[in-house]
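# Residue-level structure breakdown
One-letter residues, chain by chain:
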Number of protein chains: 2
Amino acid sequence: MQMDFHYYNPTKIYFGKSALENLKAELEEYGDTVLLVYGKNAIKRMGLYDEIIKILEQAEKTVVELSGIKSNPSYTQMLEGARLVRENHVDLILAVGGGSVIDCSKGISLSAYCKGDPWERYWTNFEAVDNEIVPVGCVLTMAGTGSEMNGGSVITNEEKMIKGGRMYPANVNPKFSILNPEYTYSVPKYQMTSGIFDTMSHLMEQYFSGEDDNTTDYIIEGLLESLICSARVAIKEPENYEARSNLMWCAAMGLNKLAGLSKEQDWEVHMIEHQVGAYTDCAHGAGLAIVSVPYYKYIYPYGIDKFVRFARKIWNVDTDHMTKEEAALAGIERLADFIKELELPTTLREIGATEEMLPQIASSSVIKGSYKKLDASEILEILRQAY
Amino acid sequence: MQMDFHYYNPTKIYFGKSALENLKAELEEYGDTVLLVYGKNAIKRMGLYDEIIKILEQAEKTVVELSGIKSNPSYTQMLEGARLVRENHVDLILAVGGGSVIDCSKGISLSAYCKGDPWERYWTNFEAVDNEIVPVGCVLTMAGTGSEMNGGSVITNEEKMIKGGRMYPANVNPKFSILNPEYTYSVPKYQMTSGIFDTMSHLMEQYFSGEDDNTTDYIIEGLLESLICSARVAIKEPENYEARSNLMWCAAMGLNKLAGLSKEQDWEVHMIEHQVGAYTDCAHGAGLAIVSVPYYKYIYPYGIDKFVRFARKIWNVDTDHMTKEEAALAGIERLADFIKELELPTTLREIGATEEMLPQIASSSVIKGSYKKLDASEILEILRQAY
């Protein structure tokens, strides 16, 4: 743990089959008006919408609704939510859905009383938040993003063709998150596996940096191992509670800051995917899966020992009689095999990207990275490999 | 994650070489009067006392002191602190030291305004806390107990010869904890290794329960692996920052609730050690080391698959050609070897227990346990093995 760090995560987690029973007591902590934010029809089909409306009624709340939040939530919808908050003097934003709904809700929370243009101040210049933050609560129905336990909010500005966001301070975190793994049973398989890969990518982005011996890396390895094990069960048995509950908790742990403590972190795969997503509107986890393998094949020589460790500890590659080069590549191949097991796309072509888009995606991708800082021409090379 | 759970941990962590720089800003959050709680002379010898007094002066605080807190902090000292809080209208209790100082400070915090007898209400009947809780902040100088990031407070009632405590709600947690691994450099080796084994025991107590596939077990395995690796470095190089920082964070993670989520948990080793400690005043980690091996040798048949997994994953025992019995015992033997590496005592005799004490320790130990609920005669049998 050689780099100094601060850690503070005040989100209350209610986890399990009975988790929703805690909503009523939580609602009592806030004022009368609730903005209910959700996606399309999924929560109505599964009966969750009715359950929550009943609890809100029992708590005598005035409910304002913002529905139809898309995956890759748009800035336009976010501004619409901010307007609803101001006009109705909303006391609590209740996000019911997956990462997109929660990210949008946190964006609304930050922006409603923003002095100036929120996109410019908070999503472009990353200024400190100096306005009232409307509290957000969350009922999670999809596992992957980890948004239920952090202050992140990724929003797509359709006009500018930019998908951007960052980790805001802990007072932007959901105040409480209700995590019932059963709610994820009805998530279509493609979205389930996209979510699994999103979690996996969060863990790898934090893992692939540093050459020190750091407790955080051991925690990440445990989480990756559990994630892979439960993913394989859930693909075959979507209603296996044990597997779905592990996947749900791995997702929260994957991005609640703990798996990044005292780590420089990489995040280049996410930066590239954000622009892939802005151009193709693909599922986030699918975009990550496409970018990851060519990206890691490009950067592994710069952090080879960590890639050897990844092969050995995560994929049980017997690295004893291999060169470092062979071992590192064997690990990345196992990752590629796992992406196939998840039946996720492996090329940009499959998600509708055109060759013309590649230079635009490359030049608009933010540069982060750790073992190797890329330039736009190197990103373009990786995108071509991914095409 | 089959058992439902709640998780909430609002302690702010400042970790690293510059961690103390955050004390001033934290002090501004509280009123004028600070009760400074510490042990004997260690923090004066290392210059930390002077540094903290200077920061308190700069923050214009009125400082009341309670010093001389012993390892296995006594109820009498705790009541003395509670009196000081009441008489001086203390706004913040600042604990500077190891687990004993922090546990004592949390005890003071709970007890100062307790309506009735604190020992009876909070340490015996485990009643809900219904009085004002005075905030506690912490500057940690010794790693092991994890008290810096939880609501636990273990106190020894010398008159009744009982060492007791529990996890209180999260509002008893330190509001902030300052963790600078360099402060642990001057801890004598025996106390360092006792602390290491305390952390290890916390992790094992949580690990050895359940037969399900649970993400928490994978996290524990990562923490155990990192702990063992860094312990071996720190024994040889006490001022190896990397190792000491990992040990410090493993200790916090070992008992901040995360390593127990959705786990029944065992805790019988701690229950027996509490009484060993009450009779012998031994270092907590040393008592745990003595009890652990005979305890696990007694209970392993009731949770044999987990002990096989422990052998394989924590100690790299090649279990392929072993019976479960052999594999489980091989893991426990590796644990015994590690205790020897730590140069901790392995018999009750060494820490001054007499044969006459054994039945008293056995009959006063609280029964918890998971794979096997013991009765007093079985505890006595284990104590005889440990003698």
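Residues numbered from 1 in each chain as written. Chains lettered and ligands numbered in written order. Predicted model: local features only at pLDDT ≥ 70, side-chain atom pairs only at ≥ 80, totals over all residues. Heavy atoms only, no water.

## Observations regarding the pattern of salt bridges
How we decide: Salt bridge, as applied in this entry: a Lys or Arg side-chain nitrogen positioned within 4 Å of an Asp or Glu carboxyl oxygen. Here a strand is any run of E in DSSP of at least two residues, a helix any run of H or I of at least four, and the numbering for each starts at the N terminus. Only protein chains enter the accessibility calculation, which uses a 1.4 Å probe. A residue is then buried if its area is under 20% of the maximum for its type, exposed if over 50%, and partly exposed in between.
All chains considered together, the criterion is met by 38 salt bridges over all chains. Here Glu221(B) ties to Arg309(B) by a salt bridge, and the two come within 2.6 Å at their closest N and O atoms. One end of the pair, Glu221(B), is in helix 8 (residues 215–236); the other, Arg309(B), is in helix 12 (residues 304–315), and 88 residues separate them in sequence. The residues Glu221(B) and Arg309(B) share a single accessibility class, namely buried. As a salt-bridge pair, Lys297(B) and Glu333(B) come within 3.0 Å of each other at their nearest N and O atoms. Here Glu333(B) lies in helix 13 (residues 324–341) and Lys297(B) lies in helix 11 (residues 284–299), a separation of 36 residues in the sequence. Shared partners join several salt bridges into a network, and the residues in it are Glu221(A), Arg309(A), Lys313(A) and Glu225(B).

## Quick word on empty space enclosed by the protein
Counted only if it meets this: A cavity here means a set of 1 Å grid points, computed over protein atoms only, where a 1.4 Å probe fits but cannot escape. A pocket is an open set with protein on both sides within 12 Å along at least 5 of 7 lines, and lining residues have an atom within 4 Å of a point. Grid points are joined across faces, edges and corners, and a volume is the space filled by probe spheres set on the points.
Counted by the stated rule, this structure contains two cavities of 30 Å³ or more. Estimated volume of the largest cavity: approximately 100 Å³. Taken together, 14 residues line the largest cavity, and the ones lying closest to its centre are Ala143(A), Met192(A), Ile196(A), Arg244(A) and Leu247(A). Elements represented by at least two residues in the lining of the largest cavity include exactly helix 7 (189–207) and helix 9 (241–254) of chain A. If you add up the space inside the second largest cavity, you get close to 80 Å³. Together, Met142(B), Ala143(B), Thr184(B), Val187(B), Met192(B), Ile196(B), Arg244(B) and Leu247(B) line the second largest cavity. Secondary-structure elements contributing two or more residues to the lining of the second largest cavity are helix 7 (189–207) and helix 9 (241–254) of chain B.

## Notes on the relation of the copies chain B and chain A
So the rule is basically this: What sets the superposition is a least-squares fit of C-alpha atoms, and only residues with pLDDT of at least 70 in both copies go into it. Contacts: residue pairs with any heavy atoms within 4.5 Å of one another.
Of the transformation superimposing chain B on chain A, the axial component is 0.0 Å and the angular component is 180 degrees, with the fit at an RMSD of 0.0 Å. Taken together, the rotation angle and the small translation identify this as a two-fold axis. Distance from the rotation axis, computed per C-alpha, reaches its smallest value in chain B at Pro10(B): 2.4 Å. Most of the interface of chain B is mirrored in chain A, where 100% of its interface residues again form contacts.

## Observations concerning the confidence of the model for chain A
Applicable threshold: pLDDT runs from 0 to 100 and stands for how confident the predictor is about each residue.
Counting all residues, the mean pLDDT for chain A is 96, and 100% of those residues have values of 70 or more. On the interface metric, ipTM, the complex scores 0.97, and its pTM is 0.97.

## Thoughts on unusual backbone geometry
All names here are of chain B. At glutamine 265, a position not held by glycine, the phi torsion is positive, near 75 degrees. If you trace the backbone, glutamine 265 turns up in the loop between helix 9 and helix 10 (268–280). At asparagine 316, a position not held by glycine, the phi torsion is positive, near 55 degrees. You can see asparagine 316 is positioned in the loop between helix 12 and helix 13. What makes asparagine 316 exposed here is its relative accessible area of 65%.

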